[in-house]
Amino acid sequence: MQLETFISDLLYRYECVIVPDFGAFLTERQSATVNETTNSFYPPRKVIAFNEQIQNNDGLLARYIADVEKIPFEVAVKKIKKRVKILKSYLTQGETITFNNIGEIIFNSEGKIVFEPSYNLNYLTDAFGLSQFESEVVTREVYKETVEAIEETAPITITPEKRKNRGYLKYAAVALIALTLGGVMASKYYVGQIEAHNMLAQEEAKQQLDTKIQEATFSLNPLPAITLNVTKQTGNYHIVAGAFRIEDNCDKKVAQLKSEGFSARKIGANRYGLHQVAYASYEGRLDALKALRTIKKTHNKDAWLLVQKLD
């Protein structure tokens, strides 16, 4: 049994997922950051940590496994214990344990667990659709050199006898240079501000899906079709296909998914004002998770589950 699949599902909704007799995976929200050295902008995310001191069984992981695999709770507990025993044996042999999309665990020279988190997946659902981007540096020294070059090639000369008549030309020329260069600088700054705003406005949440479905920025590429037997379009469990800043693109996505056999619909705007599209909605969590696994495997690996009561 691969525990990382179940742990990964729970990390979207909980801040602590305990693996009994092994340790706990913890998440902490990190605000959006800017690297001034590389001019890189990073969206908010959940940072994952591991604490081997927290090992008491709170039942969360076992209950989730029991629900998904439809087995008794006691059987799920035994399966976890068996898997933990195998993991510990790997660690004592000096091997590295890799939890996909979560991180790696090894024993250090002192026999203590060392955890190296993975940043491939952003477990913060509020940041859905946001991705890292880099901005060009705005350097004012370049414009200063341009002004000096213009002054050298086109000097402004004023003779005493004509100062009264031609004095206004001096100020007009200086004003023209200032306005031209100021316009270039303002344009670049404005474009940079728009790009930063668009990045923060795109909900979705790693980042990997936006380049495939956001027609407002990229071309909408056709995806392979799949047919699911969805009978209900009510409930609080929604499989999200994407979020769009422009509502027309949202309508296009709904039409595309319906043509591919899904019971797609719009489920309203999120906190960032992006219009969300769902493959389908479900009354039961288990039915939603089953459909989500099918969609991620055969149609869209970046689809995710939104638990929300719609008006």
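Given the structure is predicted, the values throughout are model-derived calculations rather than measurements.

(A) Layout of the pairing of strand β10 (residues 237–244). Among the 8 residues in β10, 8 count as buried, and that is most of the element. Bridge analysis of β10 against strand β12 (residues 275–282) gives 7 bridges, and the strand direction is antiparallel. Across the sheet, isoleucine 239 pairs through a bridge with alanine 280, a residue of β12. With 4 bridges joining them, β10 and strand β13 (residues 304–307) adopt antiparallel strand pairing. Bridge pairing in β13 places valine 240 opposite tryptophan 304.

(B) View of the confidence of the model for the protein. Mean pLDDT over the protein: 75, with 65% of residues reaching 70 or higher. Averaged pLDDT values for the elements of the protein fall to 47 in helix α6 (residues 210–213) and rise to 92 in strand β1 (residues 16–19).

(C) Geometry of the pairing of strand β2 (residues 23–30). Pairing of β1 with β2 involves 4 bridges; the strand directions are antiparallel. Counted as the bridge partner of valine 19 is glycine 23 from β2. Hairpin connection between β1 and β2: a loop of 3 residues separates the two successive antiparallel strands, and aspartate 21 in this loop has a positive phi of roughly 65 degrees. Relative to strand β5 (residues 45–51), β2 runs antiparallel, the two being bridged by 7 bridges. Bridge pairing in β5 places glutamate 28 opposite valine 47.

(D) Representation of the environment of isoleucine 113 within the structure. Inspection of the secondary structure assignment puts isoleucine 113 in strand β8 (residues 113–117). The spatial distance from the C-alpha of isoleucine 113 to the C-alpha of leucine 91 is 8.6 Å, given a sequence separation of 22 residues. Among all residues touching isoleucine 113, those that are not within four sequence positions of it are Phe50, Glu52, Leu91, Ile105, Ile106 and Phe107.

(E) A look at the environment of aspartate 67. When you line up the elements, aspartate 67 lands in helix α2 (residues 60–69). Residue aspartate 67 is classed as partly exposed on the basis of its relative accessible area of 30%. Among the polar contacts made by the side chain of aspartate 67, one reaches the side chain of arginine 285 at a distance of 2.7 Å.

(F) Spatial organisation of the nonpolar core. The biggest cluster of nonpolar side chains holds 51 residues, and the ones touching the most others in it are Ile7 and Phe25. The residue makeup of this core includes at least three contributed by each of domain 1 (3–127) and domain 2 (237–307). Counting residues in each nonpolar core, the second largest holds 5 residues, with Val240, Ala278, Trp304 and Leu306 among its members.

About the cut-offs
Residues numbered from 1 in each chain as written. Predicted model: local features only at pLDDT ≥ 70, side-chain atom pairs only at ≥ 80, totals over all residues. Heavy atoms only, no water. Buried < 20%, exposed > 50% of the residue type's maximum accessible area, 1.4 Å probe, protein only. Helix = DSSP H or I, 4+ residues; strand = E, 2+ residues; numbered from the N terminus. Pairing = 2+ DSSP bridges. pLDDT = per-residue confidence, 0-100. Contact = heavy atoms within 4.5 Å. Polar contact = N/O pair within 3.5 Å; in protein donor to acceptor, adjacent residues only side chain to side chain. Core = buried A, V, L, I, M, F, W, Y, C linked by side-chain atoms within 4.5 Å. Domains from an automatic or database assignment.

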